[in-house]
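Results of the structural survey
Residues per chain, in single letters:
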Amino acid sequence: MKEYPVQRAAALKPLPDPDMLVFGKTFTDHMFLMDYTAGQGWHDGRIVPYAPLALEPSAMVFHYAQEVFEGLKAYRSPDGGVQLFRPMENVRRINSSCERMCIPQLPEEDTLAAIEQLVRVEERWVPAKPGTSLYIRPFVIATTPSLGVHAAHDYIFCIITCPVGAYYKEGINPVRIYVENQDVRAVRGGTGYTKCGGNYAASIRAGERAEEQGYAQVLWLDGVHRRYIEEVGSMNVLFKIGGTVITPALTGSVLPGITRKSCIELLKSWGVPVEERLITAEELFDAAEAGRLEEAFGSGTAAVVSPIGEMGWGERHVTVNGGQIGALTRKLYDTLTGIQWGTVSDPFGWTLKL
Ligand SMILES: *Cc1c(COP(=O)(O)O)cnc(C)c1O
């Protein structure tokens, strides 16, 4: 496996109190950097002290948002070891995002090696308290100083890491969501299936409006017909209706979540019928009003699963499972977190021990 040169930080930061971790605020001592230059390809991968990046104000990422990112976690297992969850899926997905954004693809094995080596260098930062982890944020930005609208010739691939606290500190509380009728997150032919900053920039307004009205998240509809459900906030969404789990098909405007994929694979292994297909808000609310909507939840790396307790769509309001987490949602949560933190066996070979 590829070994990158490491320039150690002169002084190491004190570790934060594991009870006080706020997501995405504290960064570790080191980061990974690799440069891309046209004609030369990706080169000079290295681990260096965490520090600001010096970029020209004309760097293309600032103007035309040629940028992609990923998000995954390193987990402390009971034996004191550290493990990753399906990290090659993140590497493949960043390359799929790169392809869409005309960013040169990363070498897959060497990119996984970079993630592994950085986490090993930052091992002491992987917290051990239940539910905590080290969040890993790989990203690529276009750095060519140019205002011409075309693909850049120069890029930086960077990986930063930050310790994160337990997502559910006071038990799993189902959230209230509402169907967003004005803004759309993505359209077919656009960039919805990629993890790019632009998708997030476009989604912030609806998220803020939802919060103002006392909702935790929005349920996104497709951008063409404004009928089909796509995602909830920045998570995939799954519904249990009449014994079958239904999740929006990956039509191009839905992000192919690794947690979503893992839920589907687990459910199938348990003999639960799963359908990946188009589902309208109307079908969902009709099912809820007929008492057939048994469970609803979002899925993503941050929360693993986030149960939905209440949904609004214009004048229609429904509660799901009396506002309580459903049994199948609970089982998925327990199984996935058990595999991720190494407290239950991993028959699928999803974890990678460092
Ligand atoms: C990252 C992301 C998800 C969840 O993907 P995971 O791989 O499960 O973390 C879902 N939707 C959007 C828009 C995302 O950016």
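Rules and cut-offs
- Residues numbered from 1 in each chain as written.
- Predicted model: local features only at pLDDT ≥ 70, side-chain atom pairs only at ≥ 80, totals over all residues.
- Heavy atoms only, no water.
- UniProt positions renumbered as here; feature names shortened; annotations may be inferred.
- Helix = DSSP H or I, 4+ residues; strand = E, 2+ residues; numbered from the N terminus.
- Contact = heavy atoms within 4.5 Å.
- Phe/Tyr/Trp six-rings, centres within 6.5 Å; stacked < 30°, edge-to-face > 60°.
- Buried < 20%, exposed > 50% of the residue type's maximum accessible area, 1.4 Å probe, protein only.
- Near = heavy atom within 4 Å.
- Polar contact = N/O pair within 3.5 Å; in protein donor to acceptor, adjacent residues only side chain to side chain.
- Nonpolar A, V, L, I, M, F, W, Y, C, P; charged D, E, K, R; others polar.
- Salt bridge = Lys/Arg side-chain N within 4 Å of Asp/Glu carboxyl O.
- Patch = residues over 30% accessible without salt bridge, like charges linked within 9 Å, V, L, I, M, F, W, Y side chains within 5 Å.
- Areas by Shrake-Rupley, 256 points an atom, 1.4 Å probe, with all protein chains shown as cover.

UniProt's feature table lists "modified residue: N6-(pyridoxal phosphate)lysine" (unreviewed entry) at Lys195, given in the numbering used throughout. Following the sequence through the fold, Lys195 ends up in the loop between β8 (175-179) and α4 (197-212). Not counting residues up to four positions away in its chain, the partners in contact with Lys195 are Val68, Phe69, Glu70, Gly71, Arg93, Ser97, Tyr200 and Leu255.

Time to look at the packing of aromatic side chains. Tallied over the entire structure, the rule returns 15 aromatic pairs. Between Phe27 and Tyr50, the ring centres sit 5.5 Å apart and the planes meet at 0°, which makes this aromatic pair stacked. Taken together, the residues span a long stretch of sequence, with Phe27 in the segment before β1 (30-37) and Tyr50 in the loop between β2 (41-49) and α1 (61-64) at a distance of 23 residues. Among the residues examined, Tyr50 registers a relative accessible area of 32% and is labelled partly exposed. On the basis of an interplanar angle of 10° and a centroid distance of 4.2 Å, the ring pair of Phe348 and Trp350 is categorised as stacked. Each member of the aromatic cluster is reached from another via a ring pair, and the members are Tyr4, Phe32, Tyr36, Trp42, Tyr155 and Phe157.

Now for the site of the ligand. Looking at the ligand, there are 14 residues lining it, with Lys195, Tyr200, Glu231, Thr259 and Thr301 nearest. Ile258 is positioned such that a nitrogen or oxygen atom in its backbone is 2.8 Å from an oxygen atom of the ligand. Residue composition of the shell around the ligand, by class: four nonpolar, six polar and four charged.

A few words now on the pattern of salt bridges. With the rule as written, the count across this model stands at 20 salt bridges. Between Glu276 and Arg260 there is a salt bridge, with the nearest N and O atoms lying 2.8 Å from each other. Placement of the pair is Glu276 in strand β13 (residues 274-277) and Arg260 in helix α5 (residues 258-269), with a sequence separation of 16 residues. A relative accessible area of 39% places Glu276 in the partly exposed class.

Attention now moves to a nonpolar patch on the surface. On the surface, Tyr64, Leu147 and Val149 cluster together into a nonpolar patch covering about 330 Å² of accessible area. In this fold, Leu147 is placed in the loop between β6 (133-142) and β7 (154-164).

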